[in-house]
Amino acid sequence: MKTMNLTENKVNKAYFGEYGGCFVPPILESKLNHLQLKFDELRKDQNFNKEYINYLKNYVGRPSPLYFAKNLSKLTGNKIYLKREDLNHTGAHKINNTIGQILVAKSMGAQEIIAETGAGQHGVASATAAALMGMKCKIFMGKVDTERQALNVVRMQLLGAEVITTHLGNGTLKDAVDAALGYYIENPDSYYLLGSAVGPHPYPQMVKFFQSIIGKEIKEQFYKLEKKLPDAIIACVGGGSNAIGAFAEFLNHDEVMLLGAEGGGTMLTAGNHAATLTLGKKMIFQGANSLCLANENGEASGSYSIAAGLDYPGIGPEHAHLKETKRATYYPISDKEAIDAYKLLSRTEGIIPAIESAHAVALALKTMNNKNKKIVINVSGRGDKDVDRLDQSVIKQN
Ligand SMILES: *Cc1c(COP(=O)(O)O)cnc(C)c1O
């Protein structure tokens, strides 16, 4: 492993402060270099952007509403708006990225796309985009995850994708990424459709670009309603794609507070949480220099969260930088706080959020009580997928 031999100009783009970069074997280096050049070209290409926006509008169903949650507002003594990414086709923000990247793959002449998935959300969004474009699709998934998420495996197969079970490691997301990277190295005609703002350059930058539609819409919609910018934007953070997408448009507006909710799990001891920004160490992990949960030997360690989408030991490099520079603040939210918020939003607004998104709702409840602020919570996805995993007695309790 070594870093890419980048020119000064490219180095600046590959890093957020000291975080980011492209730490990959030489064979991947040239592929990613090519991808970066192509993406730089496409992001400025009017026809490409037109096609992307057209799919977002007519296929995904954008713009997603910015909904004034009056019951939750009254309850918390704030004015709370919900950005409804849960209403997108396939039920979450992930489709914004998969549509964007599959158009990149198509214009690069890729023969097939490959992707990793943990809970299956990114796998389904990738298989969906592949079906739409008539492209072959292979989804890598850990053995344990294929068993926990059997329904999503069937969904991906229904959409025409091949699901490849990896027996590496613990059989979860981290191992699926390793398996996908291995395949990518050996198959030059494949395109790796990475699912979050993580990994080697240019992925963090590219995923941010495609998810920034969230923040662009928030800015416009909020301004129409309130004639100002929001006081705070709150999002959950797994790898960090929905959060960076919601934050991007506001990074230069210091008056807008940016808050991220990580998976606090059952407690903040090794193996029981996914609070990478709170407790992670600086290290190179899956292609980039960022923060990562580590054991005493400095090796990447396991994570845990009730929310599969937040259950990842790494974090996108830009979030590590935003934390260090204090432009954004990140808090662990426990499983219990997330379940309480999941139930609360369901009952007060009739909106069942993804258990991931419920972490963002919980963070609003925890830090913003009676502050009389105008807040946007990004509801990254819908929560029907989580009903089966929650203890039914917990759901019925008041
Ligand atoms: C995957 C997922 C997440 C976490 O991923 P990010 O890249 O951090 O956004 C959050 N919410 C939902 C609904 C997801 O499916």
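Cut-off values and rules
- The residue numbering used here restarts from 1 in each chain and proceeds along that chain's sequence as written.
- Predicted model: local features are reported for residues with pLDDT of at least 70 only, side-chain atom pairs are reported and counted for 80 or more only, and whole-chain, interface and lining totals are derived from all residues.
- Working from all heavy atoms in the structure, the side-chain values ignore hydrogens and water.
- The angle between two axes is taken between their N-to-C directions and runs from 0 to 180 degrees, where each axis is a line fitted to C-alpha atoms and a helix contributes only its stretch in contact.
- Strands here are runs of E lasting at least two residues and helices are runs of H or I lasting at least four, both read from the DSSP assignment and numbered beginning at the N terminus.
- Crossing chirality is assigned from the near helix's rotation relative to the far helix, an anticlockwise turn below a right angle marking it left-handed and a clockwise turn marking it right-handed.
- Two residues form a contact once any of their heavy atoms are found within 4.5 Å.
- Note that Gly is not counted as nonpolar here; it falls among the polar residues with everything else outside the nonpolar set of Ala, Val, Leu, Ile, Met, Phe, Trp, Tyr, Cys and Pro and the charged set of Asp, Glu, Lys and Arg.
- Only protein chains enter the accessibility calculation, which uses a 1.4 Å probe; a residue whose area is less than 20% of its type maximum is buried, one above 50% is exposed, and one in between is partly exposed.
- pLDDT: the predictor's confidence for each residue, scored from 0 to 100.
- Whenever a nitrogen or oxygen atom comes within 3.5 Å of another N or O atom, the pair is scored as a polar contact, on the condition that within protein one atom can donate a hydrogen and the other can accept it, and that pairs from neighbouring residues in sequence are kept only if both atoms are in side chains.
- Pairing of aromatic rings covers Phe, Tyr and Trp, the last counted by its six-membered ring, and requires centre-to-centre distances within 6.5 Å; plane angles under 30 degrees mean stacked, over 60 mean edge-to-face, and any other angle means tilted.
- Either the NZ atom of lysine or the CZ atom of arginine qualifies as a charge over a ring when it sits within 6 Å of the ring centre and within 35 degrees of the ring normal.
- In short, DSSP must find at least two bridges between two strands for them to pair.
- We define a salt bridge as a contact between a side-chain nitrogen of Lys or Arg and a carboxyl oxygen of Asp or Glu at a distance within 4 Å.

Chemist: So what exactly am I meant to see when it comes to the packing of helix α5 (residues 94-107) against helix α10 (residues 203-211) here?
Modeler: In a packed pair of helices, the relevant descriptors are the angle between the two axes and the axis-to-axis distance. Viewed as axis vectors pointing N to C, α5 and α10 meet at an angle of 115°, and their least axial separation amounts to 8 Å. α10 is crossed by α5, and the crossing has right-handed handedness. Here K94, N96, N97, G100, Q101 and V104 of α5 come into contact with α10, specifically with Y203, M206, V207, F210 and Q211. Class assignment for the residues of the contact of α5 with α10 results in five nonpolar, five polar and one charged.

Chemist: Explain unusual backbone geometry here, please?
Modeler: It is generally the case that most residues other than glycine have a negative phi and that most peptide bonds are trans. Here the residue pair R62 and P63 is connected by a cis peptide bond, since its omega of -5° sits within 30 degrees of zero. Looking at the secondary structure, you find P63 in the loop between α3 (46-60) and β5 (66-68). The backbone of T90 sits at a positive phi, close to 75°, despite the residue not being glycine. Looking at where T90 falls in the secondary structure, it is placed in the loop between β6 (79-84) and α5. According to the relative accessible area criterion, T90 is partly exposed, its value standing at 24%. In this structure, Q286 is a non-glycine residue whose phi angle is positive, near 45°. Note on placement: Q286 falls in the loop between β13 (281-285) and β14 (288-292). In this structure Q286 comes out as buried when scored by relative accessible area, which is 13%.

Chemist: Just to check I follow, could you spell out the confidence of the model for the chain for this structure?
Modeler: Atomic detail in the predicted coordinates should be set aside for any region of low pLDDT. A residue-level look at the chain finds 96% of positions with pLDDT of 70 or above and a mean pLDDT of 94. The secondary structure element of the chain with the lowest average pLDDT is strand β1 (residues 2-3), at 41, and the one with the highest is helix α12 (residues 241-247), at 99. In the model, residues 1-9 has pLDDT below 50 throughout and makes 18 contacts with residues more than four positions away in sequence or in other chains.

Chemist: What exactly am I supposed to notice about the side chain of H319 here?
Modeler: Within the fold, H319 resides in helix α14 (residues 317-324). Exposure remark for H319: the relative accessible area of 1% places this residue in the buried category. A distance of 2.7 Å separates polar atoms of two side chains, one belonging to H319 and the other to Y330. When neighbours within four sequence positions are excluded, H319 is seen to be in contact with G239, G240, A243, I244, F247, L277 and Y330.

Chemist: Can you walk me through the packing of aromatic side chains in this structure?
Modeler: Aromatic ring pairs: the centre-centre distance and the angle between the two ring planes describe each pair. Under the criterion given, the structure shown has 11 aromatic pairs. Arranged with centres 5.4 Å apart and planes meeting at 75°, the rings of F209 and F210 form a pair that is edge-to-face. In terms of burial, F209 and F210 fall into one category: buried. An aromatic cluster is built from F39, F48, Y52, F209 and F210, whose rings are joined through pairwise contacts. Taking NZ or CZ as reference, K219 lies 6.0 Å from the ring centre of F250, over its face.

Chemist: Please explain the sheet that holds strand β12 (residues 257-265) as it appears in this structure.
Modeler: Through backbone hydrogen bonds, the strands of a sheet pair up, either in parallel or in antiparallel fashion. Reading across from one edge, β5-β6-β16-β11-β12-β15 is the order of the six strands in this open sheet, with mixed pairing throughout. Of all strands in the sheet, those with a lone pairing partner are β5 and β15 (328-334), marking the two edges. For this sheet, the mean angle separating the axes of adjacent strands, direction not counted, is 25°. In this structure, β5 lies alongside β6, joined through three bridges in antiparallel fashion. Across the sheet, the residue bridging to F68 is Y81, located in β6.

Chemist: Would you mind going over the pattern of salt bridges with me for this structure?
Modeler: When the charged atoms of two side chains lie near each other, side chains of opposite charge can form a pair. Tallied over the entire structure, the rule returns 23 salt bridges. With its nearest N and O atoms 3.5 Å apart, the salt bridge here joins E41 to K38. One end of the pair, E41, and the other, K38, are both in helix α2 (residues 26-42), three residues apart, so they sit about a helical turn from each other. With a shortest N-O distance of 2.7 Å, E217 and K83 are connected by a salt bridge. Separated by 134 residues along the polypeptide, E217 in helix α11 (residues 213-226) and K83 in strand β6 bring together distant segments of the chain. Grouping residues by exposure puts E217 and K83 together as buried. Overlapping salt bridges, with partners in common, bring together R62, K83, E85 and E217 in one network.

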